[in-house]
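What follows is each chain in one-letter form.
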Amino acid sequence: MRARERERVGSSTLDPTRETTARSSAADGTHGVERQPGQMNATRLDEDFTSSVHVYEPHRNGLPRLRPYFKALWQRRPFAIEMSRASIRADNVNTFFGQIWLVLNPLLLACVYFLLLMIIRGRNNSFDENVVRFVHLCACLFVFHIFFAGCLRQGASSVVGGGKLLLNMSFPRLLLPLAEVRTAFFKFLPTLALFFVILLGFGRPLHWEAIMAPAFLLMLGLFGAGMAMIFATMQVYFRDIGNFLTYMIRMWLYLSPILWYPEMASDGLERIGIPPQVLHVNPLYSMLGGWSDLLVRGQIPAAEWWIAGTVWSIVAFVAGAVFFMSREREFAVRL
Amino acid sequence: MTTNSTSTADPAVSVENVSVSYRTTFEKVPTFRSAVRRLGRGQRVVHLVEALREVSFEVNHGTSIGIIGANGAGKSTLMRAIAGILPPSEGRIEVHGRVSTLLALGVGFNRKLSGRENVVLGGLAAGMTREELNERYEEIADFAELGEFIDMPMQTYSSGMSARLAFSVAVHLNPDILLIDEALSTGDAKFKQKAARKMREVAENAGTMFLVSHAMRSVKRLCNEALWLHKGQLMMQGDPTEVIAAYTKFLEVGEDAFSLEDM
């Protein structure tokens, strides 16, 4: 029984080696038999999360012990899934228009930006060029605006919005921003379907290279998750970060290859003698560029794009997680 | 109440030299704007709060323990530390058994969601499985006596209703250790009685209960041990009648004139 007892640890620490081994030698079989029927109410199901021994000790270097933390995180994933589902339900009440807006909203947005593009530099373009431009715009705008910006916006408010639950229960708080990443992804899925309708509707071919596109989506997801964790933490300390975030997202949109093609920027830089690799300072340059190149043009991006995207996404994810966990203990007293 | 046969050599909760301190601001809503303004003036508003200092005690299985003390004595911090919500900054807490908490009122997690959905969320956050939740859901809903409100958004609930739901979820998680912070202060008289009955039931089922309360009467009635905290330090642990008497005397004569030897 003792051996099967698993630790359930929230933002806490546990030293299984020292504690449970010491005790399991002391507590022999009889003790376990005694315990099972009555006190623990132990059904099989219970044991999966009943942890009987928790040890809480100070966090070392501000971080909880990682192994039990991530184990608990993994065990509680039904909670994150349920929370994400519930927030999708709450956001758009199950009405016809509620669902429709999920798709209509990005479509109208794409039209607005396309109009803007036509006014600024649409002259002298052939119909075909404009179609490609619109399809590229849709590919990038949907994934940026719904998925990535969704991670940021909803992720930022996830901890502050968690209020009572955070004060009442001990669970790995990382579940909150991660649930919002899931929410953003599921809101993005219908727009992905919309994108393919647009792509095929305008008679553009479906390239086989598109099967590689999910790699860039994954990078974007990891990067978005990292950003969500960072902003979720910051919002606990600065509640007005949301106001600032709106403008940051808008600027990031203009600075990323959404309204323009990636090569427009690199050609421009090369002409004035700056190596185009500088563009990878913006993580979204490679992620969105690669996504669109694979989906719209069927071009496989150069190796440096893959490398830049992967490195950025992993760095952001790890840094975000560490930052979040190091502050997690304080959330209960700062909310 | 005597400890029952299932209790072991291990105490349910053992707290060794625990200190809890944290840094916080006393701003109502911390904003970036106010942070920048303070920076301009060179002010700092981050305070180090030492909520608990070197507290040590043990609580055996089957004990219902009342925690008393003035406001700011560290009662809630102690509960949070035992629940693992606010891990100690020094010392060590060992908890043997499944903990269910009722610290801040209301499961109210997402006020747009129905009571039912909030119960599910709360249960999953506490680590229950879906199957278990489905099994116990009816019990939880029945106990809370919300009727058809259970399927309405939580924002339509009165504060008493959400407190009832929260209490119902907490006691139905089948905890070994139940932590309750001032939970009886809301809800109507009828529900208070029902809640007190349920708490006694939990206590009698060999559960261990921590009850933070300012109502000395409920501590006397529900607890077989009491613990008195003052300014983060443990003043006394023992029989509720004695501890309450000491505490009451302390309140009357004031801090300076009081020493425990007077008892």
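The rules behind these values
- Residues numbered from 1 in each chain as written.
- Chains lettered and ligands numbered in written order.
- Predicted model: local features only at pLDDT ≥ 70, side-chain atom pairs only at ≥ 80, totals over all residues.
- Heavy atoms only, no water.
- Helix = DSSP H or I, 4+ residues; strand = E, 2+ residues; numbered from the N terminus.
- Buried < 20%, exposed > 50% of the residue type's maximum accessible area, 1.4 Å probe, protein only.
- Patch = residues over 30% accessible without salt bridge, like charges linked within 9 Å, V, L, I, M, F, W, Y side chains within 5 Å.
- Areas by Shrake-Rupley, 256 points an atom, 1.4 Å probe, with all protein chains shown as cover.
- Salt bridge = Lys/Arg side-chain N within 4 Å of Asp/Glu carboxyl O.
- Axes fitted to C-alpha atoms, helices over the stretch in contact; angles between N-to-C directions.
- Parallel < 35°, antiparallel > 145°, perpendicular 65-115°, else oblique.
- Left-handed = near helix turned anticlockwise from the far one by under 90°.
- Contact = heavy atoms within 4.5 Å.
- Pairing = 2+ DSSP bridges.

Enquirer: Can you walk me through unusual backbone geometry in this structure?
Expert: All names here are of chain B. Positive phi values are uncommon outside glycine, yet E54 reaches one of about 50 degrees. Here E54 is to be found in strand β2 (residues 47-59). The phi angle at K231 is positive, at roughly 45 degrees, despite the residue not being glycine. Turning to its location among the elements, K231 is positioned in the loop between β8 (225-230) and β9 (233-238). We classify K231 as partly exposed; its relative accessible area is 47%.

Enquirer: How should I be thinking about a nonpolar patch on the surface in this particular structure?
Expert: All names here are of chain A. A cluster of nonpolar side chains, namely F97, I100, W101, L104 and L108, defines an oily patch on the protein surface of about 460 Å² accessible area. Mapped onto the fold, L108 is located in helix α6 (residues 96-121). Under the relative-accessibility criterion, L108 is labelled partly exposed at 44%.

Enquirer: Would you mind showing me how to read the packing of helix α13 (residues 283-297) of chain A against helix α14 (residues 303-334) of chain A here?
Expert: Helix packing geometry: the angle between the two helix axes and the distance between the axes. Residue and element names in this part refer to chain A. Contact pair α13 / α14: the axes reach a minimum separation of 8 Å and the direction vectors enclose 125 degrees. One finds that α13 runs oblique with respect to α14. The interaxial crossing formed by α13 with α14 has left-handed handedness. Between α13 and α14, the residues in contact are P283, Y285, S286, M287, G289, G290 and D293 and W305, A308, G309, W312 and S313, respectively.

Enquirer: What is the right way to look at the pairing of strand β4 (residues 90-96) of chain B in this model?
Expert: Regular strands show a simple pattern: their side chains alternate between the two faces of the sheet. Buried residues dominate β4(B), accounting for 5 of its 7 residues. Inspection of the sheet shows strand β1 (residues 53-56) of chain A paired to β4(B) by 4 bridges, in the antiparallel sense. From the neighbouring strand, V55(A) faces β4(B), where its bridge partner is E94(B). One ladder, built from 5 bridges, connects strand β1 (residues 13-24) of chain B with β4(B); its direction is antiparallel. By the bridge assignment for β4(B), S14(B) is matched with E94(B).

In short, geometric facts, not functional conclusions.
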